[in-house]
Amino acid sequence: MSNDNTKNNKFSLYTEKIIPKKLKKKSKKFIIVLIIIAAGITALFIVPFIINKVNHLVEVSNSELSLDRDDIQAINLKEISESGNVDNKEAFSKMPQTIENINKSVVYITPKDTDLIGYILPDGNKAENETISPGSGLIIGETATRYVIMSGNLSIDKGQHVDVTVGGDVISGTFLAKSPNLNIALVSIKKKDLSDNAKRNIVPIKLGNSNRAPLGSFVISYGESGDESGTYNYGIISKKYNLSIIDANLTMINTNIVSSVSKGGFLFDSNGNLLGIGTDKGSGSNTFNVVGISDIKRLIEKLSADIDIVLFGIYGEDITESIADKYGVPNGVYITDVEFDSPAYKAGLQSGDIITAIDGNEIKNMDDIENILSSYKAGKTMSVDIKRKNKDGYFDMSFDVNTVRYKL
C-alpha cells in the first residue's frame, strides 16, 4: 500500500508541475500576439514617416541644399555691390518692366492641415479656432533639385505641407525652416513637380545691397493689403536706422509708401532687386517698413541648410573708436540688455558689460559676434572676456557661456 501511495503522490506531484507549464506557454503566446499587433501598428504609422525622412535626406544630399553641418552655405545668395537708382524719373518709366521681372520670382502659398508626422488631414480634423493664413513668397534661391521660397507672412510650422502656386501650377511644398526672431519662413518645392512652362518662367530673385541703398532712392513694394493679394506700390526710402535684436543688429528701411501691409511684404530697388522683407520689428508707423536683406542674408543661407541657430542672449551696441575716445570707454560691444534665462544671463553677463573677446577673438562690433555664432553649433562653451565697471573704473572678467539652440 505504501508503494502505491508513493506512486500516486509522485503522479500527483508530476501533474501539478505540468499545469503551470501549460499556463506559461499560453502566456507566452498571448505576449507574442500582443507584440505582433504592436509591431503592425508601429509599422503602419512609423515606417512611412521613416521612409519619408530617408527619402528626403537622400534627395537633399544630392543637392546643394544640405551640405556638411560645419558649412553654413546652402543656397548661395549673391548680392550686388550697389543698389538703388536716385534717378527716379527713369526708374518710374521702367517700372512696368521691373514689376514684370519681379513677378517671375513671386509665388502664392497656402498652408495645409497636417497631422503630427506631416500627413495631410481632412478638413474635419481642423480645430475650430485654428486659422490657416495664405501668403505671398519669393523664390530666393535654388539647388540642383529644388527651389527655396522665402515668406514673411505665413502661418506654418515644422512638418507642415503647403500648396504653392507658381507659374500657373499648384504643387506641394514643404516647410523648411523658420527664423527664431524674425517673421520669416522658408519653404521648398521640387523642380520635378513643375511643368516645363512653369520652369521657363521662374527666375530666383536677385538681392540688392540694402546697406548701400541711398535715402531718396526709388523703391517698389509688394504684398497683401487687406483682402487684396499681390499689390504693388512705389515710393522712396525716407529713413534708415539700426535696430538691436537678440545677438544681432539690423538695418531697418522706412519708406514713404503708405500701406496697411505691416509685415510679410517685400521691398525692391528700381532694378527689381530685393532690398528687404516686411517685419513687425521697428517703427509702428503706417508706412512700409522692412528689415534690410543684407543683414539677414547669412541667416537665410543658414536656415536653408537646416543648421541650428545658436543663442547667446545679448542686446548690444557697437563702441566705435570715436565713442571710446570721447567717453573714455573700452572698444567692443556694449551690452544694453541680457535676455532672461538665456546662456548669457545664466553665465552672469549683465547690462553695462563690454564684450572685448570671445574665445580669444577680438570683438569690435556686433558683426564680429554674429560671425562667431554662425560658426558654432549649439552646446558650444564660449569663453567671453568682458570689461565691467565699478567705482574705480573698468576691470577684466571672463565667463564661460554654454550656448544652446535658439528655439522656434
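This text goes with the structure placed above it.
All of these numbers come straight from a predicted model, not from anything done at the bench. (Residues numbered from 1 in each chain as written. Predicted model: local features only at pLDDT ≥ 70, side-chain atom pairs only at ≥ 80, totals over all residues. Heavy atoms only, no water.)

K.L.:
I'd like to hear about the overall build of the protein chain, residue by residue, with values.
P.N.:
Per the secondary structure count, the protein chain includes eight helices and 20 strands. The 408 residues of the protein chain split such that 42% are buried. At a minimum sequence separation of 6, the contacts of the protein chain that also span at least 24 residues come to 63%. Summed over all atoms, the accessible surface of the protein chain reaches about 21900 Å², with 52% contributed by carbon and sulfur. (Helix = DSSP H or I, 4+ residues; strand = E, 2+ residues; numbered from the N terminus. Buried < 20%, exposed > 50% of the residue type's maximum accessible area, 1.4 Å probe, protein only. Contact = heavy atoms within 4.5 Å. Areas by Shrake-Rupley, 256 points an atom, 1.4 Å probe, with all protein chains shown as cover.)

K.L.:
Give a description of the nonpolar core that names residues and reports values.
P.N.:
Note that soluble globular proteins tend to have their nonpolar side chains buried in a common cluster. With 33 residues, the main nonpolar core has Ile140, Met150, Phe266, Phe268, Leu274 and Ile296 as its most contacted residues. Among the elements that line this core, the one with the most residues is helix H5 (residues 293-304), at five residues. Not counting the four nearest positions on each side in its chain, leucine 274 is found in contact with Leu138, Ile140, Met150, Ile205, Lys206, Leu207, Gly208, Phe266, Leu267, Phe268 and Ile293. Among the nonpolar cores identified, the runner-up in size contains 21 residues, and Ala344, Ile363, Met382 and Val401 belong to it. (Core = buried A, V, L, I, M, F, W, Y, C linked by side-chain atoms within 4.5 Å.)

K.L.:
Explain the packing of aromatic side chains to me, using residue names and the numbers behind them.
P.N.:
Inspection of every chain in the model, using the stated rule, returns four aromatic pairs. With centroids separated by 5.9 Å and ring planes inclined at 20°, the aromatic side chains of phenylalanine 218 and tyrosine 234 adopt a geometry described as stacked. Of this pair, phenylalanine 218 sits in strand E7 (residues 218-225) while tyrosine 234 sits in strand E8 (residues 228-245), and the two are 16 residues apart along the sequence. Put simply, the rings of Phe92, Phe218 and Tyr234 touch in pairs and so form one group of aromatic residues. We note lysine 191 situated over the ring of tyrosine 147; from NZ or CZ to the ring centre the distance is 5.1 Å. Looking at lysine 380, its charged tip hangs above the ring of tyrosine 376, at a distance of 5.0 Å from the centre. (Phe/Tyr/Trp six-rings, centres within 6.5 Å; stacked < 30°, edge-to-face > 60°. Lys NZ or Arg CZ within 6 Å of the ring centre and 35° of its normal.)

K.L.:
Requested: an account of the sheet that holds strand E1 (residues 106-111), with residues and values cited.
P.N.:
Here six strands make up a closed barrel; going around it, the order is E1-E2-E3-E6-E5-E4 and the pairing antiparallel. Each strand of the sheet is rotated relative to its neighbour by a mean of 40°, with strand direction disregarded. Across four bridges, E1 lies against strand E4 (residues 161-166) in antiparallel orientation. From the neighbouring strand, isoleucine 109 faces E4, where its bridge partner is valine 164. (Pairing = 2+ DSSP bridges. Axes fitted to C-alpha atoms, helices over the stretch in contact; angles between N-to-C directions.)

K.L.:
Go over H5 with me, naming the residues and quoting the values.
P.N.:
Here H5 spans 15 Å end to end across 12 residues, near enough to the 16 Å set by a 1.5 Å rise per residue. Most of H5 is tucked away, with 10 of its 12 residues classed as buried. Ile293, Ser294, Ile296, Lys297, Leu299, Ile300, Glu301, Lys302, Leu303 and Ser304 are the residues of H5 that are buried. Of the residues one or two after H5, aspartate 306 is the one with positive phi, at around 55°. (Expected span 1.5 Å × (residues − 1).)

K.L.:
Report on the side chain of aspartate 353, specifying residues and quantitative values.
P.N.:
As for its position among the elements, aspartate 353 is in the loop between helix H7 (343-347) and strand E16 (354-358). Judged by its relative accessible area of 1%, aspartate 353 falls in the buried class. Within the structure, the side chain of aspartate 353 is placed 2.9 Å from the backbone nitrogen of glutamine 350, a separation counted as a polar contact. The residues contacting aspartate 353, other than those within four sequence positions of it, are Val333, Tyr334, Ile335, Ile386, Lys387 and Arg388. (Polar contact = N/O pair within 3.5 Å; in protein donor to acceptor, adjacent residues only side chain to side chain.)

K.L.:
Got a sec to walk through the environment of phenylalanine 340? Specific residues and values, please.
P.N.:
Along the polypeptide, phenylalanine 340 turns up in the loop between strand E15 (332-338) and H7. Assessed through its relative accessible area of 61%, phenylalanine 340 is described here as exposed. Between the C-alpha atoms of phenylalanine 340 and isoleucine 314, which are 26 residues apart in sequence, the distance is 9.4 Å.

K.L.:
If you had to explain the environment of lysine 94 to someone new, which residues and values would you point to?
P.N.:
Of note, lysine 94 is situated in the loop between helix H2 (88-93) and helix H3 (95-103). Sequence separation between lysine 94 and asparagine 271 is 177 residues, and the spatial gap between their C-alpha atoms is 8.7 Å.

K.L.:
Please give an account of unusual backbone geometry that cites residues and values.
P.N.:
Residues other than glycine predominantly adopt negative phi, and peptide bonds predominantly adopt the trans conformation. The backbone phi angle of aspartate 247 is positive, close to 65°, even though this residue is not glycine. Of note, aspartate 247 is situated in the loop between E8 and strand E9 (248-258). Under the relative-accessibility criterion, aspartate 247 is labelled buried at 6%. Here the phi dihedral of aspartate 341 falls at roughly 65°; this positive angle occurs in a residue that is not glycine. On the secondary structure map, aspartate 341 appears in the loop between E15 and H7.

K.L.:
Would you mind going over the pairing of strand E18 (residues 381-390) in detail, with residue names and values included?
P.N.:
Sheet analysis places E16 next to E18, joined by four bridges and oriented antiparallel. Residue pairing across strands places isoleucine 358 opposite valine 384, the latter belonging to E18. In this structure, E18 lies alongside strand E19 (residues 393-402), joined through 10 bridges in antiparallel fashion. Its bridge partner being in E19, arginine 388 is matched across the sheet by phenylalanine 395.

K.L.:
If you had to explain the pattern of salt bridges to someone new, which residues and values would you point to?
P.N.:
A full pass over the atoms with the stated rule returns seven salt bridges. Across the salt bridge formed by lysine 297 and glutamate 301, the nearest N and O atoms sit 3.4 Å from each other. Of this pair, lysine 297 and glutamate 301 both sit in helix H5, four residues apart, which is roughly one turn of that helix. Residue classification places glutamate 301 among the buried positions, given a relative accessible area of 2%. A salt bridge links aspartate 353 to arginine 388; its shortest N-O distance comes to 2.8 Å. One end of the pair, aspartate 353, is in the loop between H7 and E16; the other, arginine 388, is in strand E18, with 35 residues separating them in the sequence. Assigned by exposure class, aspartate 353 and arginine 388 land together as buried. (Salt bridge = Lys/Arg side-chain N within 4 Å of Asp/Glu carboxyl O.)

Just geometry here; none of it tells us what the structure is for.
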